[in-house]
Amino acid sequence: PHPTPAILATADDIIGRIQRRDTGTVLWDVRSRAEYTGENTRGNKRAGHMPGAVHLEWLDLMDRETHTFKDPATLRRLLQEKGITPEKEVVAY
C-alpha cells in the first residue's frame with residue numbers, strides 16, 4: 001500500500017509551518033522521550049524533535065494491562081494538556 005498524498009505532510013510543508021509559527025498546527029512527536037530529547041539517536045545524524053513539537057508518546061494513550069486505548073475522557077485530557085485539540089491541524093510523527 002502507498003500513502004495517500006492528501007493526508008501526508010511534506011518536509012517543505014512542515015518547515016513552512018515552523019517558520020511561520022503556525023498556531024493552527026500542532027506538531028505531535030509520538031516517539032519515546034529519549035527519541036524526543038535526542039538521547040536515543042537511532043542512528044540518525046539529526047536527533048531529537050522538530051522545533052515547537054509537543055511530546056506525548058503513543059504508548060501513553062494505551063492501558064498497559066489491557067493493551068487497549070484509555071477511556072475517551074482520559075484521552076481528551078491527555079491530548080488537551082499538550083494543546084492537541086479539535087480545532088488544530090495535527091501533524092504526528
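Higher on the page you've got the structure.
Throughout what follows, the structure given in this document is the object of discussion. All values reported here derive from a predicted model rather than from experimental measurement. (Residues numbered from 1 in each chain as written. Predicted model: local features only at pLDDT ≥ 70, side-chain atom pairs only at ≥ 80, totals over all residues. Heavy atoms only, no water.)

## Topic: unusual backbone geometry
- With a phi close to 50°, Arg42 is a non-glycine residue in the positive phi region.
- For Arg42, the location among the structural elements is in the loop between helix 2 (33-37) and strand 2 (54-55).
- Its relative accessible area of 62% is what places Arg42 among the exposed residues.
- Although it is not a glycine, His67 adopts a positive phi angle of roughly 60°.
- Checked against the element boundaries, His67 lands in the loop between strand 3 (62-63) and strand 4 (68-69). (Helix = DSSP H or I, 4+ residues; strand = E, 2+ residues; numbered from the N terminus. Buried < 20%, exposed > 50% of the residue type's maximum accessible area, 1.4 Å probe, protein only.)

## Description of the sheet that holds strand 2
- The three strands are arranged 2-1-5 in an open sheet whose pairing can be described as parallel. Edge positions in the sheet fall to strand 2 and strand 5 (89-92), since each has one partner strand and no second.
- Relative to strand 5, strand 1 (residues 25-29) runs parallel, the two being bridged by four bridges. For Val26, the partnering residue across the bridge sits in strand 5 and is Val90. (Pairing = 2+ DSSP bridges.)

## Some remarks on the nonpolar core
- Core analysis: the largest hydrophobic core is formed by 10 residues, namely Val26, Trp28, Val30, Val54, Leu56, Leu61, Leu75, Leu78, Leu79 and Ile84.
- Where this core is concerned, the elements lending two or more residues are strand 1 and helix 3 (72-81).
- At three residues, helix 3 tops the list of elements feeding residues into this core.
- Those residues within four positions of Leu78 in sequence are excluded, and the remaining contacts are Leu56, Asp60, Leu61 and Lys70. (Core = buried A, V, L, I, M, F, W, Y, C linked by side-chain atoms within 4.5 Å. Contact = heavy atoms within 4.5 Å.)

## Things to note about the pattern of salt bridges
- Applying the stated criterion to the full structure yields eight salt bridges.
- Between Glu89 and Arg17 there is a salt bridge, and its shortest N-O distance comes to 3.3 Å. Here Glu89, found in strand 5, pairs with Arg17, found in helix 1 (residues 11-20); they are 72 residues apart in sequence, far enough to count as distant.
- Accessibility expressed as a relative area gives 44% for Glu89, which makes it partly exposed.
- Residue Arg17 is classed as buried on the basis of its relative accessible area of 11%.
- Via salt bridges that share partners, Asp13, Arg17, Arg20, Asp22 and Glu89 belong to a single interconnected network. (Salt bridge = Lys/Arg side-chain N within 4 Å of Asp/Glu carboxyl O.)

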